[in-house]
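Inside the fold
If you want the building blocks of each chain, they are given just below.
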Amino acid sequence: MKSSKGILSSLYISLLALSMASCKKDFLDVTPTDRVTDAAIIGDSTLFESFVINRYLGTRMTEKEAEGTLPGFGRGFEYAMWSSLTDESLYNNDDNTWLIQRGQLSPENTGIAGAIWSRSYRSIREVNYALANVDKVPMSTGHKNLLIAELKFIRAFRYHDLIRNYGGVPLLGDKVYNLGDDFSDPELFRRATIAECIQYAVAQLDEAAAGLPLSNNSAWLAGRATRGAALALKSRLLLYAASPLYSSGSWEQAAAAAKAVMDLNIYGLHSNYQNLFINPGSSNEIIFARYYTIGSRHVPMEIANGPNGYDGWGGNLPMQNMVDAYETITGLPIDDPASGYDPQNPYVNRDPRLAATVLYNGAPYRGRNVETFVPGGLDSKDGPSNWNTSKTGYYLRKFVDENMPINNPWNVAGLQPWIYFRYAEILLNYAEAQNEAVGPDQSVYAALNTVRGRAGVGLPVLPQGLSREEMRERIIRERRVELAFEEHRYYDVRRWKIADITENVPVYGINITKQNNGTLRYERKVALEGRAFLPQHYWLPIPRAEIQASNNQLAQNPGYQ
C-alpha cells in the first residue's frame, strides 16, 4: 500500500494539482497545456463552478480504490467495502481488511483505512481555495452565495469523515496554505477537541442549509447538496456527538436536528427496499447520493460480489453474525422461542430485508436457486472457480443488479447510486435520540414502526410499554438491519462503545451438508480465526507519515504510540 501524505504533504499536492505555484527560474518560459491555470479558473464562471462540483470527489491515494472513477466521501463502492471492517461482512480476498478485523491496526499499517486523513485535508484545502477566490469570479451575487453554501457543506462533510474516524482533529478555518508558508507553527497541527470540531462543522452546516436550495432541479442537478442534505449531515453529527464515545452534545439537540429534516415534509420511504439500492429513480427517500454514468462508473457489484457458480468473485461476504440479526416475520429475534425460527430451515419466514440483502442457500438468483451446500452445490467449493467460494456460506445481494452482466461488465455496469443520506436513517436517528432524551414516547414508536412497516417489509409494530433500555436494543437491531452495508455499523458500534463486544466475536459462517436422503443439515462455523478489538481501535491511528510530516507536532491517538 502506498504511504499516506500528511497535512503538509496534502497541501503540497493540492498546490501542484491546481498549478498554484509556478517556477520563476524555469529554463523555458512555456504555458502548460496539461492543466488549468489559476487565472483561467477564477476568470471563467463555468470553469469555476466545475471546480466546485468536482470537490465532491477526492483523490486516489492508495492501491485498490477508485475503480472506474475517483472516490467520493467515505469509501462507497470499492472492491473491499467498509462493511468488511466490521461484523457485517468478510472480504473474500483480504486486500488489507483482515488486519483490521484481527486488531492489527498500527500507524504503519492502516489497511484500507489509510487514505481518509490525507484525502480529507486535501479536499478541505481545495474548498478553502475556492472560498478565497469566489468573489473574483464573474457571476451573480446570488449564484456566488449558492456556491459558497455548497462549499461549506463539502468542507463540513470532509470534517465529518475526519471526526468519526480520528476524533478531534486540526481545524484549518478558511486559511489557504501555500508553498512558502510557515509550516512549523504548532497551531497548524493542534488537534481541536471533539466538541470544538462538532461545533465548527455544525455551524458550517447551518450556514450551508440557509443558502442551499430545498430540492434539486434542472439548474441544480441531483448529486449536489440541498438544504435537506446539510440538515441530514447535521443530524448525523449531533447523533454522534451525543453518543457515549463522543460525549460532546445532548440527545435533545440530536432529536431536534433529525426532526428538522422530518419537518421539511419532502421525504418518505421508497416503495421497494431492494430496488432503492439498484435503480431508485427520483425516490423521495434519497436525501443525498452520488450518481454514476457510463464512462464514470464504480466497481461492478455483480462480478465483484457474485457467487462463484455464476463466475462471480465472492467479494464482501455477509457473516452469520449479520444474518442472525434479522427477525422473523413475527417481529421477534431468532433467539426468542416464540419467534418460530427453525435453525434447520433458517431462511423461511424471516424479515424480508434479509432476502433483499443476502444471497443464501436456496435464494432465487439469475434463473436458478443459489447452491452453497456440499457436496455438489454450484456456489460451494464443489462449483466452478472455487477459489472465489464464500468463506461464510453467504454472498451479497444488496446493491446487485440482476439486469447487469456478470461477465464483461466494464462498459455497462457500475451505475447504482451510493446513498449518503436517506430518510430511513433520519427516522432512526430521531428514534434513538428521542428515546435517550425522554424515553420511548409515541413519537419514538411512530418513527421506528414507520421503518419496520415500510412497503414490502411489513413487520409488526413494536409492543407498547417498552422501557428505555428495551427500546434502545430494538433501535440498535433496527439500525443494523435497515442500514446494512451502508457504512453505519462500523461507526455505530464504536459510538455506542459496544465494539469491544461485537468486534471480539469470531467471524461466523454456515456449513450446509446435503445428506443422502436429500435433506440439508445446517451447522454454524468459524469462517475467520483471530478476530480482535482493543480499546485503541475505537479510533483509527493517524498514519505515521502524517506525524512525521508535522515534525512530530501532531499528536497520535492513544494506544498507537
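Reading guide: rules and limits
Residues take numbers from 1 onward in each chain, read along the sequence in its written order. Restriction of local features to residues with pLDDT of at least 70 applies here, the model being predicted, together with a cutoff of 80 or more for giving and counting side-chain atom pairs; totals for whole chains, interfaces and linings are based on all residues. For the side-chain quantities, the full set of heavy atoms in the structure was used; hydrogens and water were omitted. Helix and strand definitions follow DSSP, with helices as H or I runs of at least four residues and strands as E runs of at least two, each counted in order from the N terminus. An expected span of 1.5 Å times one less than the residue number is assigned to each helix. The buried label goes to any residue with under 20% of its type's maximum accessible area, the exposed label to any with over 50%, and the partly exposed label to all in between, with areas taken from a 1.4 Å probe on protein chains only. Salt bridge, as used here: a side-chain nitrogen of Lys or Arg that lies within 4 Å of a carboxyl oxygen of Asp or Glu. What we call a nonpolar core is a set of buried Ala, Val, Leu, Ile, Met, Phe, Trp, Tyr and Cys residues that are connected through their side-chain atoms within 4.5 Å. Residues are treated as being in contact if the distance between any of their heavy atoms lies within 4.5 Å. The rule for pairing is simple: two strands pair if DSSP sees at least two bridges between them. Two rings from Phe, Tyr or Trp (for Trp, the six-membered ring) form a pair when their centres are within 6.5 Å of each other. A pair whose planes differ by under 30 degrees is stacked, one over 60 is edge-to-face, and the rest are tilted. Placement of a charge over a ring requires the Lys NZ or Arg CZ to be within 6 Å of the ring centre, with the centre-to-atom vector within 35 degrees of the ring normal. Residues adjacent in sequence count toward polar contacts only when both atoms are side-chain atoms; beyond that, a polar contact is any pair of N or O atoms within 3.5 Å, and within protein one must be able to donate a hydrogen and the other to accept it.

Each turn of an α-helix holds 3.6 residues, which means side chains three or four residues apart point in the same direction. The end-to-end C-alpha separation of helix H16 (residues 468–482) is 21 Å, in line with the 21 Å expected for 15 residues at 1.5 Å each. Those residues of H16 that sit buried are Met471, Arg474, Ile475, Ile476, Glu478, Arg479, Arg480, Val481 and Glu482.

Under the defined criterion, the tally for this structure stands at 40 salt bridges. The shortest N-O distance in the salt bridge between Arg164 and Asp161 comes to 3.5 Å. Remark: Asp161 and Arg164 occur in helix H6 (residues 141–166); sequence separation between them is three residues, near one turn of the helix. For Arg164, a relative accessible area of 6% corresponds to the buried category. Taking relative accessible area as the criterion, Asp161 reaches 4% and is therefore assigned buried. Put simply, Arg521 and Glu523 hold a salt bridge, and the shortest N to O gap is 3.7 Å. When its relative accessible area of 32% is taken as the criterion, Arg521 is described as partly exposed. The exposure class of Glu523 is partly exposed, given its relative accessible area of 37%. Where salt bridges share partners, they join Glu285, Glu327, Asp351, Arg353, Lys398, Arg422, Arg452, Arg454, Arg477, Glu478, Glu482 and Glu486 into one cluster.

What follows is about the nonpolar core. In terms of nonpolar packing, the biggest core is built from 157 residues, with Phe48, Phe153, Phe288, Tyr347 and Phe399 touching the most fellow members. When near neighbours in sequence (up to four residues on either side) are disregarded, Phe153 contacts Tyr56, Leu205, Ala208, Leu212, Ala225, Ala229, Ala230, Leu233 and Phe288. Formed by six residues, the second largest nonpolar core is a distinct cluster that contains Leu90, Met319, Val507 and Leu528.

This part is about the pairing of strand E8 (residues 418–422). Of all five residues making up E8, five are buried, and the element is well covered by its neighbours. As judged from the four bridges shared by strand E2 (residues 286–290) and E8, these two strands associate in the antiparallel manner. Paired with Ala289 across the two strands is Ile419, which belongs to E8.

A word on the packing of aromatic side chains. Overall, the coordinates contain 35 aromatic pairs when judged by the stated rule. With centroids separated by 6.1 Å and ring planes inclined at 35°, the aromatic side chains of Trp313 and Trp410 adopt a geometry described as tilted. Residue Trp313 is located in the loop between helix H11 (301–305) and strand E3 (316–318), and its partner Trp410 is located in the loop between strand E7 (395–396) and E8; the two are separated by 97 residues in the primary sequence. You can call Trp313 partly exposed: its relative accessible area is 31%. Grouped by ring-pair contacts, the aromatic residues Tyr56, Phe73, Phe153, Phe157, Phe288, Tyr420 and Phe421 constitute a single cluster. Above the ring of Phe51, the side-chain terminus of Arg55 is found at 4.2 Å from the ring centroid. Lying across the ring of Tyr310, Arg368 places its NZ or CZ 3.9 Å from the centre.

It is worth spelling out the side chain of Thr389 at this point. With respect to the secondary-structure elements, Thr389 resides in the loop between strand E6 (368–369) and E7. Within the local environment of Thr389, its side chain forms a polar contact with the backbone oxygen of Asn386, the two atoms lying 2.9 Å apart. Beyond its immediate sequence surroundings of up to four residues, Thr389 is in contact with Asn92, Asn308, Asp379, Ser380, Lys381 and Tyr395.

With that settled, the discussion passes to the side chain of Ser283. Tracing the backbone through its elements, the reader meets Ser283 in the loop between helix H10 (273–276) and E2. Owing to a relative accessible area of 11%, Ser283 belongs among the buried residues under this scheme. For Ser283, the contacting residues outside a window of four places in its chain are His270 and Leu276.

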